[in-house]
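Each chain, letter by letter, is given below.
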Amino acid sequence: MEKSYIWSLPTRVFHWLFVLFILLAFLTGDEDRLLDYHVVVGYSILILLVFRAFWGLLGPKYSLFKDFPVTLQKAKDFLINIFENKQNYIGHNPLASYVLIAMLVVAFLTVITGIFAFGIQEGKGILGFLNTPFFKEMELFKEIHEFLSNLFIALIVAHISGILVDRLLHKKDETLNSIITGYKVTQENVSIKLNIYQKTFAAIMFLIFIGFLCFNLYKPNNILTTSIYTPIDYQTQNEAFVNECASCHTLYPPNLLPKKSWELIMSDLENHFGDDASLDEELNKNILAFLLKNSAETSTMENSWKFLNSIGDKDIIAMSKTNYWEKTHKDIPKELFDNEKIKSKANCKACHTDIEKGLIEDENIKNLSTFK
């Protein structure tokens, strides 16, 4: 038995970077405040996938896609002889090859659908221009993105299961150790060696990867994460709206409620959530016209149409009474709303620091720990 060098340093570095960034993707995927980081992680994975695609065409033996034993006959023979000590596959066995190819394809599609979802629903990134009235209610790419993410988890389970089975049945081959050391026990020495072109390509891709990360650390608000939406100066747009509405509570952006809700609010200011907020007729008409002109129906912002869909034909005037609000705030302890810094569910600006500028960007939401 010989120890053969079959996994080059670039192959091993790719593998562990891929593992690390897939883990980071899952850790940042469910937290709204971390969405921009999630996107950067996704693009990092895309760079790794580009490297692996070229490495599979131009890299050393055993890393090449053409060397993967992916025929059905080889897969059948492998399963029949899986309990035998002697294995004929130095690199990937047939089942591992299928899983690896599936992981690369699914990871690529997951990143691409994520970019589309980020642009269409959030109005951010290189596809932010797709955040238009035509696309605004399309959750297709987000749903596909989530499906592919779950599929990728299944492939990870299959991959790890294969490693454990191989470890149990063919421990002497040191397959698991090989992705760390590069060496695997084989019948004869069949070690690989990188040529100058392969080394140069690997070095360039590594520098691109590190450069990409450094760029995003230095300039987090860049073309990949920047929103198409900018802060709104309501004081300039309608001074009366700001003076009358913001004097008592959060200045709620008109685009968060539909026309019907604003009409109900402005028609009954004498009973405005327990207070008398009556205005003279001309001032009322002025503010109502501004609210209707900029209501949820006129916006393509994600929160706008989600509130709009959540309210529907119901006579709801408080955002906190909608299913959408309840869903997005369900994990917040009820007692936190009694905190002296918040005091009420209606005090949106306590957490959403940019709401009075017409925005509710995920990255600008205060961490709940600041209220404890």
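Calculation notes
Residues numbered from 1 in each chain as written. Predicted model: local features only at pLDDT ≥ 70, side-chain atom pairs only at ≥ 80, totals over all residues. Heavy atoms only, no water. Helix = DSSP H or I, 4+ residues; strand = E, 2+ residues; numbered from the N terminus. Rg over C-alpha atoms; globule rule 2.2 N^0.38 Å. Buried < 20%, exposed > 50% of the residue type's maximum accessible area, 1.4 Å probe, protein only. Contact = heavy atoms within 4.5 Å. Areas by Shrake-Rupley, 256 points an atom, 1.4 Å probe, with all protein chains shown as cover. Lys, Arg positive; Asp, Glu negative; His and termini not counted. Charge placed at Lys NZ, Arg CZ, Asp CG, Glu CD. Expected span 1.5 Å × (residues − 1). Core = buried A, V, L, I, M, F, W, Y, C linked by side-chain atoms within 4.5 Å. Arc of directions from axis to C-beta. Axes fitted to C-alpha atoms, helices over the stretch in contact; angles between N-to-C directions. Parallel < 35°, antiparallel > 145°, perpendicular 65-115°, else oblique. Left-handed = near helix turned anticlockwise from the far one by under 90°. Nonpolar A, V, L, I, M, F, W, Y, C, P; charged D, E, K, R; others polar. pLDDT = per-residue confidence, 0-100. Patch = residues over 30% accessible without salt bridge, like charges linked within 9 Å, V, L, I, M, F, W, Y side chains within 5 Å. Salt bridge = Lys/Arg side-chain N within 4 Å of Asp/Glu carboxyl O. Phe/Tyr/Trp six-rings, centres within 6.5 Å; stacked < 30°, edge-to-face > 60°. Lys NZ or Arg CZ within 6 Å of the ring centre and 35° of its normal.

(A) Structural detail: the overall build of the protein chain. Looking only at helices and strands, the protein chain has 13 helices and two strands in total. A globule of 372 residues ought to have a C-alpha radius of gyration of about 21 Å, yet the protein chain, at 28 Å, is considerably larger. With the C-alpha coordinates of the protein chain rotated into their principal frame, the extents come out at 95 × 40 × 40 Å. Burial statistics for the protein chain: of 372 residues in total, 44% are counted as buried. A separation threshold of at least 6 residues defines the contact pool for the protein chain, and within that pool the share at least 24 residues apart is 69%. Accessible surface computed for the protein chain: about 20,900 Å², of which carbon and sulfur atoms make up 62%. Of note, the protein chain has its 36 positive side-chain charges centred 13 Å away from the centre of its 42 negative side-chain charges.

(B) Spotlight on helix α2 (residues 35-58). For α2, spanning 24 residues, the distance from its first C-alpha to its last is 35 Å, which sits close to the expected 34 Å at 1.5 Å a residue. Counting buried residues in α2 gives 18 out of 24 residues, a clear majority hidden from the surface.

(C) The side chain of Thr250, seen in detail. Relative to the elements of secondary structure, Thr250 occurs in the loop between α9 (239-245) and α10 (259-266). When its relative accessible area of 3% is taken as the criterion, Thr250 is described as buried. The contacts of Thr250, once residues within four sequence positions are left out, are Cys245, Ala346, Asn347, Cys348, Lys349, Ile355 and Glu356.

(D) Region of the structure containing the nonpolar core. Judged by nonpolar contacts, the single largest core of 41 residues is most densely connected at Phe18, Tyr43, Ile45 and Phe152. Where this core is concerned, the elements lending two or more residues are α1 (9-29), α2, α4 (94-122), α5 (140-169) and α7 (196-218). Sorting elements by how many residues they give to this core places α2 first, with 12 residues. Those residues in contact with Phe18 that sit more than four places away from it in its chain are Ile45, Leu48, Leu49, Ala107 and Phe152.

(E) Seen up close, α10. Where α10 is concerned, the buried positions are Ser261, Trp262, Ile265 and Met266. Projection of α10 onto a plane perpendicular to its axis shows the buried side chains occupying an angular sector of 125 degrees, all on one side. Tucked inside the fold, the buried residues of α10 contact α11 (281-293) and α12 (302-311).

(F) Examining the packing of α1 against α5 more closely. Packing of α1 against α5 brings their axes to within 12 Å, and their N-to-C directions diverge by 135 degrees. As far as their axial angle goes, α5 and α1 are oblique. The chirality of how α1 crosses α5 is left-handed. In contact with His15, Phe18, Ile22 and Phe26 of α1, α5 contributes Ser149, Phe152, Ile153, Ile156 and His159. Residues of the contact of α1 with α5, tallied by class, amount to six nonpolar, three polar and no charged.

(G) Up close: unusual backbone geometry. Not every positive phi belongs to a glycine, and Phe273 is a case in point at roughly 55 degrees. For Phe273, the position within the fold is in the loop between α10 and α11. The backbone of Lys343 sits at a positive phi, close to 70 degrees, despite the residue not being glycine. Relative to the helices and strands, Lys343 resides in the segment after α13 (323-328).

(H) Representation of the confidence of the model for the protein chain. Summary statistics for the protein chain give a mean pLDDT of 90 and a share of 97% for residues scoring 70 or more. Within the protein chain, no element has a lower average pLDDT than helix α3 (residues 72-80), which sits at 81, and none a higher one than α7, at 97.

(I) Quick peek at a negative patch on the surface. Negative charge collects at one region of the surface, where Asp268, Glu270, Asp275 and Asp276 lie side by side. Turning to its location among the elements, Asp268 is positioned in the loop between α10 and α11. You can call Asp268 partly exposed: its relative accessible area is 34%.

(J) Structural detail: the packing of aromatic side chains. Following the criterion strictly, the structure yields 16 aromatic pairs and no others. For the ring pair Trp55 and Phe201, a centre distance of 6.3 Å and an interplane angle of 15 degrees mean the geometry is stacked. Placement of the pair is Trp55 in helix α2 and Phe201 in helix α7, with a sequence separation of 146 residues. Relative to Phe141, the ring of Phe116 lies with its centre 4.6 Å away and its plane at 15 degrees, an arrangement referred to as stacked. Of the two residues, Phe116 sits in helix α4 while Phe141 sits in helix α5, which places them 25 residues apart along the sequence. Taken together, the ring pairs in this structure connect Phe14, Phe18, Phe51, Phe54, Trp55, Phe152 and Phe201 into an aromatic cluster. Lying across the ring of Phe337, Lys345 places its NZ or CZ 5.9 Å from the centre.

(K) Structural context of the environment of Phe65. Relative to the assigned elements, Phe65 resides in the loop between α2 and α3. Residues Phe65 and Ile342, spaced 277 residues apart in sequence, show a C-alpha to C-alpha distance of 57 Å. If sequence neighbours within four positions are ignored, Phe65 has contacts with Arg52, Ala53, Gly56, Leu57 and Leu104.

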